[in-house]
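A closer look at the structure
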Amino acid sequence: MPECTIWQVTMNYDEFNQYCGSFPATTHVVQWGNSHVWKVGGKVFAIGGWSQNDRAAFTFKASDLNFDYLSHHDGYRPAPYFANRGMKWIQQTEASGRLDEELRYYLAESYRLVSLGLSRKKKQELGINLQKKY
């Protein structure tokens, strides 16, 4: 029987931008040291950049539970600039592609958390329906 090789494709900034852009009412800007910053209703929900090396790094808002878990999980760390100010943000530093599916989940959850913080009027204005799964 021939050997089967499983290739892991690491999420890059183009794929990150495509995924974040798939959520309703998002905007993309490049700021903070050439980072890809994604916002919903003017509020940041994801950042691609700020790596300590040449590998991609992705930062997102986390629930209290996810923050506590991921802060001690391989491939993640409390996000620089955010976590030291008491905010619950995590940076994925694992760049092998092993955690890409998890990353998609956490980016969607970050979008949901930030959207929940928008006023009802702003959500209606942007056409955001949080009942729909993204």
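Everything below is about the structure shown above.
Just so it is clear, the model here is predicted, and its values are computed rather than measured.

**Things to note about the overall build of the protein**
When its secondary structure is counted, the protein shows four helices and six strands. In the protein, buried positions account for 42% of the 134 residues. Once local pairs closer than 6 in sequence are excluded, the contacts in the protein between residues at least 24 apart make up 50%. Counting every atom, the protein has about 8,300 Å² of accessible surface; 49% of that belongs to carbon and sulfur.

**Observations concerning the sheet that holds strand 3 (residues 43–48)**
Pairing in this open sheet of six strands is antiparallel, and the strands run 1-2-3-4-6-5 from one edge to the other. Sheet topology places strand 1 (26–31) and strand 5 (76–78) at the edges, where each strand pairs with a single neighbour. Between one strand axis and the next, the sheet turns through 30° on average, direction left out of account. With four bridges connecting them, strand 4 (residues 58–61) and strand 6 (residues 89–92) associate as antiparallel partners. Along strand 6, the bridge assignment pairs F58 with Q92. Along the sheet, helix 3 (residues 100–116) contacts strand 1, strand 2 (35–40), strand 3, strand 4, strand 5 and strand 6; its crossing angle with strand 4, the most-contacted strand, is approximately 40°.

**Considerations on helix 1 (residues 13–20)**
For helix 1, the complete set of buried residues consists of F16, N17 and C20. For helix 1, the buried positions fall inside an angular range of 95° around the axis, keeping them on one side. Residues of helix 1 that are exposed and point over 90 degrees away from its buried face: D14 and Q18. Sitting at the amino-terminal end of helix 1 is N12, which places a side-chain oxygen 3.0 Å from the backbone nitrogen of D14.

**A word on the nonpolar core**
In terms of nonpolar packing, the biggest core is built from 26 residues, with F16, F45 and F60 touching the most fellow members. If you tally residues by element for this core, the top one is helix 3, at six residues. If you look at the next biggest cluster of nonpolar residues, it comprises six residues, including V37, I47, A79 and W89.

**A closer look at the side chain of D100**
Following the sequence through the fold, D100 ends up in helix 3. Although buried, D100 forms no salt bridge, and the nearest oppositely charged side chain, R104, lies 4.8 Å from it. Side-chain polar atoms of D100 contact the backbone nitrogen of M11, separated by 2.7 Å.

**A look at the environment of A62**
One can find A62 in the loop between strand 4 and helix 2 (64–70). By relative accessible area, which is 6% here, A62 ends up buried. Residues contacting A62, with those up to four places away along its chain left out, are F67, K88, I90 and L113.

**Looking at the packing of aromatic side chains**
Throughout the structure, instances matching the rule amount to nine aromatic pairs. With a centroid separation of 4.9 Å and an interplanar angle of 35°, the aromatic rings of F16 and F58 are classed as tilted. Highlighted residues: F16 in helix 1 and F58 in strand 4, separated in sequence by 42 residues. F58 carries the same exposure label as F16, and that label is buried.

Calculation rules
- Residues numbered from 1 in each chain as written.
- Predicted model: local features only at pLDDT ≥ 70, side-chain atom pairs only at ≥ 80, totals over all residues.
- Heavy atoms only, no water.
- Helix = DSSP H or I, 4+ residues; strand = E, 2+ residues; numbered from the N terminus.
- Buried < 20%, exposed > 50% of the residue type's maximum accessible area, 1.4 Å probe, protein only.
- Contact = heavy atoms within 4.5 Å.
- Areas by Shrake-Rupley, 256 points an atom, 1.4 Å probe, with all protein chains shown as cover.
- Pairing = 2+ DSSP bridges.
- Axes fitted to C-alpha atoms, helices over the stretch in contact; angles between N-to-C directions.
- Arc of directions from axis to C-beta.
- Polar contact = N/O pair within 3.5 Å; in protein donor to acceptor, adjacent residues only side chain to side chain.
- Core = buried A, V, L, I, M, F, W, Y, C linked by side-chain atoms within 4.5 Å.
- Lys, Arg positive; Asp, Glu negative; His and termini not counted.
- Salt bridge = Lys/Arg side-chain N within 4 Å of Asp/Glu carboxyl O.
- Phe/Tyr/Trp six-rings, centres within 6.5 Å; stacked < 30°, edge-to-face > 60°.

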